[in-house]
Amino acid sequence: MPGISREEVAHLAKLARLELKDEELDHFAGQLDDIIGAVAAVSEVADDAAVPPTSHPLPLTNVMRQDEVRPSLTPQQALSGAPAREQQRFKVPQILGEE
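Residues numbered from 1 in each chain as written. Predicted model: local features only at pLDDT ≥ 70, side-chain atom pairs only at ≥ 80, totals over all residues. Heavy atoms only, no water.

The name an unreviewed UniProt entry gives the protein chain is Aspartyl/glutamyl-tRNA(Asn/Gln) amidotransferase subunit C, with Streptomyces reniochalinae as the organism. The heading Sequence similarities (unreviewed entry) in the UniProt record of the protein chain holds the text "Belongs to the GatC family." Taken directly from UniProt, the Subunit (unreviewed entry) text for the protein chain runs: "Heterotrimer of A, B and C subunits." (UniProt positions renumbered as here; feature names shortened; annotations may be inferred.)

Next comes the structure, spelled out in structure tokens:
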């Protein structure tokens, strides 16, 4: 497959409404040629029917620990430093104007 030419890059730049300098045209022509070559290599992959579809390349397992009951603060201990409390809860200023 022939490489992308400088003129083709200039045409693409014009379509995209980009102003490119001469050295940028040469630079991007090389980069676009590499990209087109990489896409062509991927499209040459034969018989992918034997490859099962995957959502992740590595097998995943649940790594969370089991829930277990542990000692924690009592409501009185948790509320001991609160500036205001009501019915074993933190009392905060009303912000929505509702009751």
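From this point on, the discussion continues.
Enquirer: What should I look at first to understand the overall build of the protein chain in this one?
Expert: Secondary structure summary: the protein chain contains 3 helices and 2 strands in total. When its helices and strands are written in sequence order, the protein chain yields α-α-α-β-β. Rg of the C-alpha trace for the protein chain: 32 Å, well past the compact-globule value of 13 Å for 99 residues, more than 25% over. Taken along its principal axes, the extent of the C-alpha atoms in the protein chain is 80 × 45 × 25 Å. Evaluated residue by residue, the protein chain yields a buried proportion of 7% over its 99 residues. For the protein chain, long-range pairs separated by at least 24 residues make up 23% of all intrachain contacts whose partners lie at least 6 apart in sequence. Accessible area of the protein chain: about 9,700 Å², with a carbon and sulfur share of 57%. Across the protein chain, the centroid of the 9 positively charged side chains sits 18 Å from that of the 17 negatively charged ones. (Helix = DSSP H or I, 4+ residues; strand = E, 2+ residues; numbered from the N terminus. Rg over C-alpha atoms; globule rule 2.2 N^0.38 Å. Buried < 20%, exposed > 50% of the residue type's maximum accessible area, 1.4 Å probe, protein only. Contact = heavy atoms within 4.5 Å. Areas by Shrake-Rupley, 256 points an atom, 1.4 Å probe, with all protein chains shown as cover. Lys, Arg positive; Asp, Glu negative; His and termini not counted. Charge placed at Lys NZ, Arg CZ, Asp CG, Glu CD.)

Enquirer: Any chance you could explain the pattern of salt bridges here in plain terms?
Expert: Between side chains of opposite charge, pairing is possible as soon as their charged atoms come close. In this structure the tally under the stated criterion is 3 salt bridges. Each of Arg6, Asp22 and Asp26 takes part in salt bridges that share partners, so that together they form one network. (Salt bridge = Lys/Arg side-chain N within 4 Å of Asp/Glu carboxyl O.)

Enquirer: Looking at this structure, I do not really get unusual backbone geometry. What am I missing?
Expert: Most peptide bonds take the trans configuration, and most residues that are not glycine carry a negative phi. A positive phi angle is found at Arg17, which is not glycine, with a value near 60 degrees. Inspection of the secondary structure puts Arg17 in the loop between helix H1 (6–15) and helix H2 (22–43). Even without a glycine there, the phi angle at Gln88 is positive, about 60 degrees. Tracing the sequence through the fold places Gln88 in the loop between strand E1 (85–86) and strand E2 (89–90).

Enquirer: Please clarify how the packing of H1 against H2 should be interpreted in this entry.
Expert: Packed helices, taken two at a time, are described by the angle between their axes plus the distance between the axes. Between H1 and H2, the least distance of the axes is 9 Å, while the angle of their chain directions is 105 degrees. In terms of axis orientation, H1 runs roughly perpendicular to H2. Only Asp22, Leu25, Asp26, Phe28, Ala29 and Leu32 of H2 make contact with H1, whose side of the interface consists of Arg6, Val9, Ala10 and Leu12. (Axes fitted to C-alpha atoms, helices over the stretch in contact; angles between N-to-C directions. Parallel < 35°, antiparallel > 145°, perpendicular 65-115°, else oblique.)

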